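Listed below are the residues making up each chain.
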Amino acid sequence: MADDDARGSRAGQSGLIVRVPEAEPLVRAWRDRLDPSARAGIPAHVTVLFPFLDASRIDDGVCAAIGEVLGRHRSFEARFDHCGRFPGVLYLAPEPAADFKRLTEAIVRRWPENPPFGGQFDEVVPHLTVAQGQDGAAVEKVEAELLAGLPVVTRVSTVDLLVHDGTRWRQRASFPLG
């Protein structure tokens, strides 16, 4: 969800994320200024799957299936101790990335009609977006400040389902890991 342009979000879109509240003190001000998804109500996070199902298709049965799929995965600790970049994007990189990838792969196996990021990318790279669409000088400044505040460590024990209501992203459900 981090790499979608939040201004292009539409009512009914959904996504699955892992919140990283421990990163908020470090990234909040930067995300508020430099990441449209933050202004649309998405907290600091690592995306598990976006886009997911349209909200009109998410019922009790779908939520039960999400819970079943995610409940097979154990909670884990993730550490963010360095930054990474995609074209136009600065992010914090989690370790171990493989644990996040396993969550994505499990959800995609269950809902293969919803590939990560709409199938735009060949490889899923777990990340916590901090800035999008900035020039090199701005990104350098942000990265220097981020590095001074790292590491950030979090315990990943839930995955949240967010739905766009036409204006903002709202949490619809939360699913515990086993």
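Up top you'll find the structure we're talking about.
Overview of the structure. Note that the structure is a prediction, hence the values are computed from the model and not measured.

Here we look at the pattern of salt bridges
In step 1: One pass over the full model with this rule turns up 13 salt bridges.
In step 2: Here Asp32 ties to Arg28 by a salt bridge, and the two come within 3.6 Å at their closest N and O atoms. Highlighted residues: Asp32 and Arg28, both in helix α1 (residues 24-34), separated by four residues, approximately one helical turn.
In step 3: Judged by its relative accessible area of 37%, Arg28 falls in the partly exposed class.
In step 4: In this structure, the salt-bridge partner of Arg79 is Asp81, at a minimum N-O distance of 3.5 Å.
In step 5: Looking at Arg79, the relative accessible area reads 38%, which means it is partly exposed.

Here we look at the sheet that holds strand β7 (residues 158-164)
In step 1: Reading across from one edge, β2-β1-β7-β8 is the order of the four strands in this open sheet, with antiparallel pairing throughout. Because the sheet does not close on itself, it has two edges, and the strands there are β2 (45-49) and β8 (169-176). Here the average twist between neighbouring strands, direction ignored, is 35°.
In step 2: Direction of pairing for strand β1 (residues 14-19) relative to β2: antiparallel, over a ladder of four bridges. Across the sheet, the residue bridging to Leu16 is Leu49, located in β2.
In step 3: Sheet contacts for helix α4 (residues 97-110): β1, β2 and β7; angle to β2, the most-contacted strand, approximately 30°.

Let's talk about the packing of aromatic side chains
In step 1: Using the criterion set out here, one finds five aromatic pairs in the structure.
In step 2: Seen in terms of ring centroids, Phe50 and Trp169 are 6.0 Å apart; in terms of plane orientation they differ by 75°. Their pairing is edge-to-face. Linking Phe50 in the loop between β2 and α3 (60-71) with Trp169 in strand β8, this pair joins segments that are 119 residues apart in sequence.
In step 3: Note on Phe50: relative accessible area 6%, which makes it buried.
In step 4: Trp169 gets classed as buried once you look at its relative accessible area, which sits at 3%.

Re the side chain of Thr104
In step 1: The residue Thr104 is located in helix α4 in this model.
In step 2: For Thr104, the residues in contact, after removing those within four places along its chain, are Thr47, Val48, Pro116 and Val124.

A short note on the environment of Gly119
In step 1: On the secondary structure map, Gly119 appears in the loop between α4 and β5 (128-132).
In step 2: We classify Gly119 as partly exposed; its relative accessible area is 45%.
In step 3: Placed 94 residues apart in sequence, Gly119 and Pro25 show a C-alpha to C-alpha distance of 32 Å.

What to know about the pairing of β5
In step 1: Where burial is concerned, most of β5 is hidden: five out of the five residues are buried.
In step 2: Of the pairings in the sheet, the one linking strand β4 (residues 89-95) to β5 comprises four bridges and is antiparallel in character. Directly across from Tyr91, in β5, lies its bridge partner Thr129.

Let's talk about the sheet that holds strand β3 (residues 76-86)
In step 1: Spatially, β5-β4-β3-β6 is the arrangement adopted by the four strands of the open sheet, whose pairing is antiparallel. Looking at the sheet topology across the chains shown, the edges are occupied by β5 and β6 (152-156). Going from strand to strand, the sheet's axes swing by 30° on average, the running direction of each strand aside.
In step 2: Pairing of β3 with β6, which is carried by five bridges, proceeds in the antiparallel orientation. When the bridges of β6 are listed, Ala78 appears paired with Thr154.
In step 3: Packing against the sheet, α1 makes contact with β4, β5 and β6, and its axis sits at approximately 45° to β5.
In step 4: Together, β3, β4 and β5 form the strand contacts of helix α5 (residues 136-149), whose direction differs from that of β3 by roughly 155°.

Rules used in this analysis
- Residues numbered from 1 in each chain as written.
- Predicted model: local features only at pLDDT ≥ 70, side-chain atom pairs only at ≥ 80, totals over all residues.
- Heavy atoms only, no water.
- Salt bridge = Lys/Arg side-chain N within 4 Å of Asp/Glu carboxyl O.
- Helix = DSSP H or I, 4+ residues; strand = E, 2+ residues; numbered from the N terminus.
- Buried < 20%, exposed > 50% of the residue type's maximum accessible area, 1.4 Å probe, protein only.
- Pairing = 2+ DSSP bridges.
- Axes fitted to C-alpha atoms, helices over the stretch in contact; angles between N-to-C directions.
- Contact = heavy atoms within 4.5 Å.
- Phe/Tyr/Trp six-rings, centres within 6.5 Å; stacked < 30°, edge-to-face > 60°.

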